[in-house]
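Report on the structure
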Amino acid sequence: ANARYYEGRYLAGVAAGRLSKTNLAGYVAGFPIPEVLQGINAFTLGMRSVNPKAQVKVLWLNAWFDPPRERDAAMALFDQGVDVVAFHTASTAVMAAAQARGKMAVAYHSDMRKVAPDAQIVAVTHHWGDYYAARVKAVQAGNWQSGNTWGGVKEGMVRVGDFGPKVPAAVQAEVLARQKDIASGKLKPFAGPITDNEGREVIAAGQALTDAQILAMNFLVSGVQGKVAK
């Protein structure tokens with residue numbers, strides 16, 4: 001089972017796009033697997049949906065957990081004019097770096113306001129409680145079946161919230177409204193037209209990437225500064 005984290009990343013991008021003054025965000029990334037690429041791309045598309053000038057710089061760590069390097073990567077991004085960062089690594093180091101530098105950051109996996117009370121703009125979190133409860137009930141009822149679960153905002157498995165003090169009420173309302181649009185299916189983060197950052201059309205206007213295409217993602221969208229690490 002997995003979750004559609006990219007839906008939360010898109011929503012975090014909307015918040016980042018509204019709050020960035022430099023039009024430049026950073027992304028501290030672990031490994032170039034589809035789930036990470038989905039997150040970077042959705043975040044960039046969310047940002048550019050409200051701020052077409054926005055760009056996202058990616059730094060690859062090729063590690064999931066390395067707090068000193070996570071911190072260094074965030075600091076390097078801030079030195080390059082980035083004023084808001086997101087990350088797909090496993091510690092709170094990026095949040096702490098943003099707090100230390102007076103910048104903004106998107107928390108991942110949990111509300112990280114303890115570490116970054118001023119820096120956190122929003123947290124992308126996932127919620128397995130209902131899923132586990134339903135699976136246990138199925139086992140008890142004798143109708144459990146194995147299957148792939150890929151739940152998102154609609155299923156209540158991914159959500160954004162835990163807004164920090166820098167996020168105006170109007171932006172919070174906008175993000176939560178977009179979250180409802182994703183839940184209802186009105187908003188698809190990977191709806192066309194989408195072009196990759198080498199100028200190739202990925203999906204035309206009026207169409208959206210299929211789940212199979214999303215799960216095999218191997219490109220970076222227009223607006224991302226960086227390459228898919230080999």
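The paragraphs below set out a description of the structure included in this document. (Residues numbered from 1 in each chain as written. Predicted model: local features only at pLDDT ≥ 70, side-chain atom pairs only at ≥ 80, totals over all residues. Heavy atoms only, no water.)

1. Description of helix α4 (residues 93-101)
Within α4, burial applies to Ala93, Val94, Met95, Ala97 and Ala98. Structurally, α4 contributes buried residues whose contacts are with β2 (24-29), α3 (67-79), β4 (84-88), β5 (104-108) and β6 (120-126). Following α4 by one or two positions, Gly102 has its phi on the positive side, about 70°. (Buried < 20%, exposed > 50% of the residue type's maximum accessible area, 1.4 Å probe, protein only. Helix = DSSP H or I, 4+ residues; strand = E, 2+ residues; numbered from the N terminus. Contact = heavy atoms within 4.5 Å.)

2. Some words on the packing of aromatic side chains
If you walk through the whole model with that rule in mind, you get 6 aromatic pairs. Ring centres of Tyr6 and Trp150 lie 5.8 Å apart, and the angle between their planes is 55°; this geometry places the pair in the tilted category. With Tyr6 in helix α1 (residues 5-19) and Trp150 in strand β7 (residues 150-151), the pair connects residues that are 144 residues apart, well separated along the chain. Relative accessible area serves as the criterion here: at 5%, Tyr6 is assigned to the buried category. On the basis of relative accessible area, Trp150 is assigned to the buried category, the value being 17%. (Phe/Tyr/Trp six-rings, centres within 6.5 Å; stacked < 30°, edge-to-face > 60°.)

3. Considerations on the pairing of β2
Across the 6 residues of β2, 6 count as buried, placing the element largely inside the fold. A two-sided burial pattern is seen for β2, the buried positions comprising Leu24, Gly26 and Val28 on one face and Ala25, Tyr27 and Ala29 on the other. Sheet topology note: the β2/strand β3 (residues 55-60) ladder contains 6 bridges and is parallel. Its bridge partner lying in β3, Ala29 is registered against Trp60. (Pairing = 2+ DSSP bridges.)

4. Focus on the pattern of salt bridges
All told, the structure shown has 10 salt bridges when counted by the stated rule. With a closest N to O distance of 3.7 Å, Lys186 and Asp181 form a salt bridge. For Lys186, a relative accessible area of 67% puts it in the exposed group. The exposure class of Asp181 is buried, given its relative accessible area of 12%. Salt bridges linked by common partners bring Asp111, Arg113 and Asp162 together as one network. (Salt bridge = Lys/Arg side-chain N within 4 Å of Asp/Glu carboxyl O.)

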